[in-house]
Structures are given as C-alpha cells and as structure tokens.
Amino acid sequence: MISSNYKVHNESNINKYNKSKVTLASVAGSALGIAGSVAGIYAMAKKGNPALTLSKLAYGEKDALLIGTGAVLGGLAGGLIADDNKENIVPKLREASQQLIGNTLFPISTLALGNKLLEKSNFKLPKINSNSKPAKIANVVLSFLPKAAVTLISLTGGMAVGNKVMNIVNNKIFKEEVKHQVKPEDMLVHSDDICLTASMLLKDSKTISSVVSKALPLSFIVSGAKTGMQQKEC
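Residues numbered from 1 in each chain as written. Predicted model: local features only at pLDDT ≥ 70, side-chain atom pairs only at ≥ 80, totals over all residues. Heavy atoms only, no water.

### Remarks on the overall build of the chain
The secondary structure content of the chain amounts to eight helices and zero strands. Reading the secondary structure of the chain in the N-to-C direction produces α-α-α-α-α-α-α-α. Burial status across the chain gives 37% buried among its 234 residues. Long-range contacts, defined as pairs at least 24 residues apart, comprise 76% of the intrachain contacts of the chain with a sequence gap of at least 6. Looking at the chain as shown, the accessible area adds up to about 14100 Å², and 66% of this sits on carbon and sulfur atoms. (Helix = DSSP H or I, 4+ residues; strand = E, 2+ residues; numbered from the N terminus. Buried < 20%, exposed > 50% of the residue type's maximum accessible area, 1.4 Å probe, protein only. Contact = heavy atoms within 4.5 Å. Areas by Shrake-Rupley, 256 points an atom, 1.4 Å probe, with all protein chains shown as cover.)

What follows is the structure in structure tokens.
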C-alpha cells in the first residue's frame, strides 16, 4: 500500500519537473523567436546596405516591435508545447496579448509618434552662451533633455495606457476579471523596457548605441519567457 506522504512527495517531484520543462521551453522558444526576427531585420537591412555587418546593425522602433513580437510568440509556443496542464492555456494567451500589445505595441507606437512630434516642433532648450567646459557639458545635457523626456514619457505612458486597454479587452474575451497593473518598480525589473529606453535615448551616440543595440534583442527574452511560463493562479 502506497502511503499518502509518498504520493504527495511524488506529485511534488512531477510538478517541479513539469515547471522546469516549461521554463526551459519558454526561454528556448523566446530565444528562437528573437533570433528569427533579428535574422529577418538583418536581411532587409542588408538589401539596402550590402556592406552592413550584423555587429553594426542598429535597431529602431519598428525593429524593436518585430523582435518583441518574435520573443512573445516564441515563448508562447514553447510554453504551450511543454505544458501538459490545459488550464494554463488561457493564462498564457492572456499574458501574450498583455506583453505584445500592452507592453510592446502601445509604448513603442507612442514613442514613434512622440519622436515625430518633437522633430516637427523643432523644440530646443536655450543654450548657455559660454565656451567654458562646464557650459559645454551643460549644453550637451540641454540638447539631450527634450528627447529624454519624450522617450521616458512615451514608453511609461504608452505602457500604462496599453495595459489598461488590454485589461478591458482580455476581461471580455476570456470572461474573467483580472487586473494587470504596471507599477514603477515593475518597470525596473523588465530588462527589455530598460534596454529599449536606453537604446532610443542613446541612438545618436554611435559608440554607446552600438553596445546597447547588441543587448536589445536578448533583453526581450524576459517578456517571451514570462508568457510561456504563465500558469493559472490557485
């Protein structure tokens, strides 16, 4: 006769194994989705510039959207394939829409619009009329501030609006009341958001932008893996 303690212990081991399997599949799927997106972006860029190397490939808003989409869809596919619990399908689909639309499409679209409006307005902060070293440093900062403000407001504002919209949409689609909130501290742990912000802010600085651009695709693994790993709350 099998004891109840043995059954509990065995079920616990099975759950741990399934969780590890889903985690690995979600990360792998997200990585494959990112790799496919980068390959596509590079192929398109290569047509316009045959001398372009992958290490010098720079990413814009549209590219970030494509990479984010590849990461989320790849992570979702990996998680769905590896997860044996059918009750986790809806949470994964819900998280995918939240990540793809709320945390990627809305903020990046808002950022693109904000940058266009800033360029059309030709708004610039007044410079300090001096040749001193402190004045030169201050002028660089003053030139940078409008774009920095537009980038940060666009990404954080777009994310907040996107998640609110997706809460309403998902609640109607999946017929369940779930509130997905984005708090300031949540953004700090999202490496893709931080990396995207840095990339958009520093894209005019070739040296720094080169380093950030290389890290940008990998940073989207977080959103993709999170999608595939999502489970039904007990």
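Structure's up, so let's keep going.
### What about the layout of surface pockets?
Here the second largest pocket is characterised by a volume of approximately 270 Å³. Around the second largest pocket, the lining comprises twelve residues; the ones closest to its centre are Asn15, Asp83, Asn85, Asn88 and Gln231. (1 Å grid on protein atoms, 1.4 Å probe; cavity = no way out; pocket = protein on both sides within 12 Å on 5 of 7 lines; lining within 4 Å. Points joined across faces, edges and corners; volume = space filled by probe spheres on them.)

### Digging into the environment of Ile41
Along the chain, the position of Ile41 falls in helix H1 (residues 4–48). Residue classification places Ile41 among the buried residues on the basis of a relative accessible area of 4%. Taking the C-alpha atoms as reference points, Ile41 and Tyr59, 18 residues apart in sequence, are found 8.7 Å from one another. Apart from residues lying up to four places away in sequence, Ile41 is in contact with Leu57, Tyr59, Asp63, Leu66 and Ile67.

### Some words on a nonpolar patch on the surface
Together, Val161, Val165, Val169 and Ile173 line one region of the surface with nonpolar side chains, adding up to about 290 Å² of accessible area. Structurally, the position occupied by Val161 is in helix H4 (residues 133–173). (Patch = residues over 30% accessible without salt bridge, like charges linked within 9 Å, V, L, I, M, F, W, Y side chains within 5 Å. Salt bridge = Lys/Arg side-chain N within 4 Å of Asp/Glu carboxyl O.)

### A short note on the packing of helix H2 (residues 61–82) against helix H3 (residues 89–121)
Between H2 and H3, the shortest axis-to-axis distance is 10 Å and the interhelical angle comes to 175°. Considered as vectors, H2 and H3 are oriented roughly antiparallel to each other. Of the residues in H3, those in contact with Glu61, Ala64, Leu65, Gly68, Thr69, Val72, Leu76, Gly79 and Leu80 of H2 are Ile89, Lys92, Leu93, Ala96, Gln99, Leu100, Thr104, Leu105, Ile108, Leu111, Ala112 and Asn115. Residue composition of the contact of H2 with H3, grouped by class: 13 nonpolar, six polar and two charged. (Axes fitted to C-alpha atoms, helices over the stretch in contact; angles between N-to-C directions. Parallel < 35°, antiparallel > 145°, perpendicular 65-115°, else oblique. Nonpolar A, V, L, I, M, F, W, Y, C, P; charged D, E, K, R; others polar.)

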